[in-house]
Amino acid sequence: MPLPRKLIHVAWMAIVLGMVMEVIVLVAGGPLQTIVRDTLVKVAWSSIVCFGVAAGAAAAQKVRVPVMGLAGLFAAPAGFAVARVVQKAFSFGVAQSGGDKMSIVLLLATMKAGEYLAFGLITGWLASERFERAWQYALAGALTGLYFGGLIATVTTSTGRGSAVPVVANEVLFPVGCALVLFASKMLTAHDVAT
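Caption draft 1: Structural detail: a nonpolar patch on the surface. A cluster of nonpolar side chains, Trp135, Leu139, Leu143 and Leu146, forms an exposed patch at the surface whose accessible area comes to about 450 Å². Tracing the backbone shows Leu139 in helix 5 (residues 134-158).

And the structure:
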């Protein structure tokens, strides 16, 4: 499959992932009044992060693991920044965005950068070592999400910025979904090569 076509598939799967994550967060107890804002934030976040790591997967086999790690390192803060811009734009009109502390925002961005650096390295390693089972990718996403998501959920909930259940659901399940998007992309590419 040519790279542009593969990236388009990843982008669409990431958009669907963002919407699914919003439904999960709502079911887990997220506020219903912010559905439009939060859906756009999740779609922006998931599209940029999954797309970035998938672009790293296009690197040559020899350098794929570090390139995917670097792609995750840069895509996570970029996705975080875009998601914050979308959130602020919606919150500005409703005056919900006051009181953010820049240090917390920078800490969260740094934590997400570390999370997706690790995520990119792990999924890059899986791709380069010919792991071809969905559960292997899901497990990599789950372990990344549990470790970093737990840290992020702790920071987020300790500042009074959200309840624990939706934050944990989002932070743990999103890496699993993104890993499965990368797996599906890999399988689509393998299918195109075989035909």
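Caption draft 2: Quick peek at the pattern of salt bridges. Taken as a whole and assessed by the stated rule, the structure comprises 1 salt bridge. Between Lys112 and Glu171 there is a salt bridge, with the nearest N and O atoms lying 2.9 Å from each other. Of this pair, Lys112 sits in helix 4 (residues 102-128) while Glu171 sits in helix 6 (residues 164-194), placing them 59 residues apart in sequence. Look at Lys112 and you get buried, because its relative accessible area is 8%.

Caption draft 3: Examining helix 5 more closely. The end-to-end C-alpha separation of helix 5 is 34 Å, in line with the 36 Å expected for 25 residues at 1.5 Å each. Of all bends in helix 5, the biggest is about 30°, found at Gly149.

Caption draft 4: A look at the state of the cysteines. Going through the model one piece at a time under the given rule, you end up with 1 disulfide. The disulfide partner of Cys50 is Cys178, and the gap between their sulfur atoms is 2.3 Å. Note that Cys50 is positioned in helix 2 (residues 35-57) and Cys178 in helix 6, a separation of 128 residues in sequence. Since its relative accessible area comes to 0%, Cys178 is described here as buried.

Caption draft 5: Looking closely at the environment of Gly114. With respect to the element layout, Gly114 can be found in helix 4. Note: C-alpha distance between Gly114 and Leu73 (41 residues apart in sequence) is 6.4 Å.

Caption draft 6: Focus on the confidence of the model for the protein chain. Scored by pLDDT, the protein chain comes out at a mean of 77, with 76% of its residues at no less than 70. Ranking the elements of the protein chain by mean pLDDT puts helix 1 (residues 3-27) last, at 72, and helix 5 first, at 88.

Reading guide: rules and limits
Residues numbered from 1 in each chain as written. Predicted model: local features only at pLDDT ≥ 70, side-chain atom pairs only at ≥ 80, totals over all residues. Heavy atoms only, no water. Patch = residues over 30% accessible without salt bridge, like charges linked within 9 Å, V, L, I, M, F, W, Y side chains within 5 Å. Areas by Shrake-Rupley, 256 points an atom, 1.4 Å probe, with all protein chains shown as cover. Salt bridge = Lys/Arg side-chain N within 4 Å of Asp/Glu carboxyl O. Helix = DSSP H or I, 4+ residues; strand = E, 2+ residues; numbered from the N terminus. Buried < 20%, exposed > 50% of the residue type's maximum accessible area, 1.4 Å probe, protein only. Expected span 1.5 Å × (residues − 1). Bend = angle between axes of the 7 residues up to and from the residue. Disulfide = S-S within 2.5 Å. pLDDT = per-residue confidence, 0-100.

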